[in-house]
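Reading the structure
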2 protein chains.
Amino acid sequence: MERSPHILIVDDDREIRALLSQFLGRHGCRVSVAKDGPEMFRTLEAARIDLIVLDLMLPGEDGLSLCRKIRADQRLPIIMLTAMGEETDRIIGLEMGADDYLAKPFNPRELLARIKAVLRRGHQPAEAERPEGARVLEFDGWRLDLARRSLHSPDGVQVQLSAGEYDLLLAFAERPQRVLTRDQLLDLARGRAATPFDRSIDVQVSRLRRKIEPDPKEPTVIKTVRSGGYIFTPDVARL
Amino acid sequence: MERSPHILIVDDDREIRALLSQFLGRHGCRVSVAKDGPEMFRTLEAARIDLIVLDLMLPGEDGLSLCRKIRADQRLPIIMLTAMGEETDRIIGLEMGADDYLAKPFNPRELLARIKAVLRRGHQPAEAERPEGARVLEFDGWRLDLARRSLHSPDGVQVQLSAGEYDLLLAFAERPQRVLTRDQLLDLARGRAATPFDRSIDVQVSRLRRKIEPDPKEPTVIKTVRSGGYIFTPDVARL
DNA sequence: CGCGCCCTGCAACAGCGCGTTACAAACCCC
DNA sequence: GGGGTTTGTAACGCGCTGTTGCAGGGCGCG
């Protein structure tokens, strides 16, 4: 890690802010602090933050809500601070999209360790930031143009895809040869969780097959894995 | 059918093994235990483990070393248990490639929470993982294509396998010339434990034989081992 | 060698996961 | 706000899969 990481501490307790700021500063981090959501967003605007340490309990909007808001428009590592208690695991198990969490009271050294671990784990290039990743994905002669969100068949004609079909196909093509559950697909392509008897992915897969399978009755590109999900079988070249 | 995660606990303290095994079992996990490295590797061979909880301090080879060995040939989520101490962060900061760690003593609920979090995070194919690993298994002229989940007979025609038949055949082909119990097969192919009078493997073997045995009346590929299980006899080449 | 127990193979059946279609709700672009 | 398009939901039918029961056969034991 050459450039020293810039950490943003979000906590309403002035003492904690001071303590962590000092401790992390002494260990090679640049540190900013914020006492609530608005202040946090102002800092995010102004600085290039590498990681946020976010308290769960905050005046006004709570940490969980802020966490989702941040994630909505950028992929930024977040470590949550939670009050120790019975609900800890429930919170985690639920949905907080944080990269890690830590129960108070904690040892600052442990926080530092987790910060390093999360940073080392590294930004999985999350969609938006991929200035020169693949612009086109090719499979079985098909070409999926990420810039234009368009699809061309092996013989060169453009196939019209709806927004949802494109998103779903992209989710598949970026993860070829892996079984993807309906939950994962729903998350990847729609950004939402499943409702109790959610069949929307099934239907959307069916519609997509109609457009890209040689024989939709006998799918070879997107195969069904019973009680598992679906798998995108072709090799994908990133151009 | 929701596939329940299979957790392997590696710790030399019998009491911890018992405690965790019981606790995780009560919370919807299937659990295996091992007291040291050799035992761990034996279990990894025999079962389809989803996540390892690995103690740092072990007799013989220590956890860190084991962790690296595991990572050398497969991507498998690992949570390390460390003795609380000043070195915690140093260890983390250093190189242990674990997905998470937990300092002893800890609350089992927290371990469960972290297990769920790591599993949910899902094997994000950690960069280096993809290229390796066999793409095709060949035996007796048959070809099992792992990417496409398809099977081709010696004369080249594709044989339709149901999802369950494929999973079962894969479990066999990855462990040729070893007697596999019904319990093991159920774990490997279905990710579940046996019910009291479970005969589903027998039936599925029968269905599979119908498709791949030259003479299903006289099986040569998948042989029955009376009161033992089944054994997959051909040599398997990994291409 | 014959009897009986237990293990296994397999047909028949039932439950349910999934593909598909039809339709309604939501969205979108003037 | 209205037409067309897209997306989610409900419903139906098919085929996969676990269960059950029975028949056949191995193996121990007398």
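Structure: above.
Residues numbered from 1 in each chain as written. Chains lettered and ligands numbered in written order. Predicted model: local features only at pLDDT ≥ 70, side-chain atom pairs only at ≥ 80, totals over all residues. Heavy atoms only, no water.

1. Focus: unusual backbone geometry
In this model, Ser227(A) sits at a positive phi of 55°, which is unusual for a non-glycine residue. On the accessibility criterion, Ser227(A) (55% relative accessible area) is exposed. Of note in this structure, Asp140(B) is not a glycine but carries a positive phi near 50°. Along the polypeptide, Asp140(B) turns up in the loop between β6 (136-139) and β7 (142-145). (Buried < 20%, exposed > 50% of the residue type's maximum accessible area, 1.4 Å probe, protein only. Helix = DSSP H or I, 4+ residues; strand = E, 2+ residues; numbered from the N terminus.)

2. Description of helix α7 (residues 182-190) of chain B
With respect to burial, α7(B) is a largely interior element, 7 of its 9 residues being buried. With its phi angle positive at about 65°, Gly191(B) sits one or two positions after the end of α7(B).

3. What to know about the protein's contact with DNA strand D
Around DNA strand D, 23 residues are found, and the nearest of them are Ser162(A), Gly164(A), Ser162(B), Gly164(B) and Arg207(B). Within 4 Å of the protein, the atoms of DNA strand D are drawn from sugar and phosphate moieties in a proportion of 50%. In this structure, Ser162(A) approaches DNA strand D through a side-chain N or O atom, which is 2.3 Å from a phosphate oxygen. Between a base oxygen of DNA strand D and a side-chain N or O atom of Arg207(B), the distance comes to 2.7 Å. Residue composition of the surface near DNA strand D, grouped by class: 4 nonpolar, 9 polar and 10 charged. (Near = heavy atom within 4 Å. Polar contact = N/O pair within 3.5 Å; in protein donor to acceptor, adjacent residues only side chain to side chain. Nonpolar A, V, L, I, M, F, W, Y, C, P; charged D, E, K, R; others polar.)

4. Remarks on the environment of Arg199(B)
Residues and elements named next belong to chain B. Tracing the chain through its elements places Arg-199 in the loop between α7 and α8 (200-212). You can call Arg-199 exposed: its relative accessible area is 53%. Separated by 28 residues in sequence, Arg-199 and Ser-227 have C-alpha atoms that sit 13 Å apart.

5. A few points about the sheet that holds strand β10 (residues 179-180) of chain A
Residue and element names in this part refer to chain A. Strand order in the open sheet formed by 3 strands is β10-β12-β11, with antiparallel pairing between adjacent strands. This sheet does not close on itself; its edge strands, each paired only once, are β10 and β11 (222-225). Helix-sheet contacts for helix α6 (residues 163-173) involve β10, β11 and β12 (229-232), and the interaxial angle to β12 is about 70°. Docked against the sheet, helix α8 (residues 200-212) engages β11 and β12, running at close to 145° with respect to β11. (Pairing = 2+ DSSP bridges. Contact = heavy atoms within 4.5 Å. Axes fitted to C-alpha atoms, helices over the stretch in contact; angles between N-to-C directions.)

6. So, the pattern of salt bridges
If you walk through the whole model with that rule in mind, you get 32 salt bridges over all chains. Residue Arg114(A) is joined to Asp100(B) by a salt bridge in which the shortest nitrogen-to-oxygen separation is 2.9 Å. Of the two residues, Arg114(A) is situated in helix α5 (residues 108-121) and Asp100(B) in strand β5 (residues 100-104); the pairing between them involves two chains. In terms of burial, Arg114(A) and Asp100(B) fall into one category: buried. Of the charged contacts, one joins Arg30(B) and Asp187(B) as a salt bridge, the two residues approaching to 2.6 Å between their closest N and O atoms. Taken as a pair, Arg30(B) in strand β2 (residues 30-34) and Asp187(B) in helix α7 lie far apart in primary sequence, 157 residues in all. Residues participating in the shared-partner salt-bridge network are Asp100(A), Glu110(A), Arg114(A), Asp100(B), Glu110(B) and Arg114(B). (Salt bridge = Lys/Arg side-chain N within 4 Å of Asp/Glu carboxyl O.)

7. With respect to the packing of α7(B) against α8(B)
The relative placement of two packed helices comes down to the angle between their axes together with the axis-to-axis distance. All names here are of chain B. Between α7 and α8, whose axes approach to 10 Å, the crossing angle comes to 70°. The angle between α7 and α8 places the two elements in the roughly perpendicular class. Of the residues in α8, those in contact with Arg-182, Leu-185, Leu-186 and Arg-190 of α7 are Ser-200, Ile-201, Asp-202 and Gln-204. Class assignment for the residues of the contact of α7 with α8 results in 3 nonpolar, 2 polar and 3 charged. (Parallel < 35°, antiparallel > 145°, perpendicular 65-115°, else oblique.)

8. Here's the deal with the pairing of strand β12 (residues 229-232) of chain B
Residues and elements named next belong to chain B. The pairing of strand β10 (residues 179-180) with β12 spans 2 bridges and is classified as antiparallel. Paired with Val-179 across the two strands is Ile-231, which belongs to β12. As paired strands, strand β11 (residues 222-225) and β12 are joined by 4 bridges and run antiparallel to one another. Its bridge partner being in β12, Lys-223 is matched across the sheet by Ile-231. Count of turn residues in the β11/β12 antiparallel hairpin: 3 residues, of which Ser-227 carries a positive phi of about 55°.

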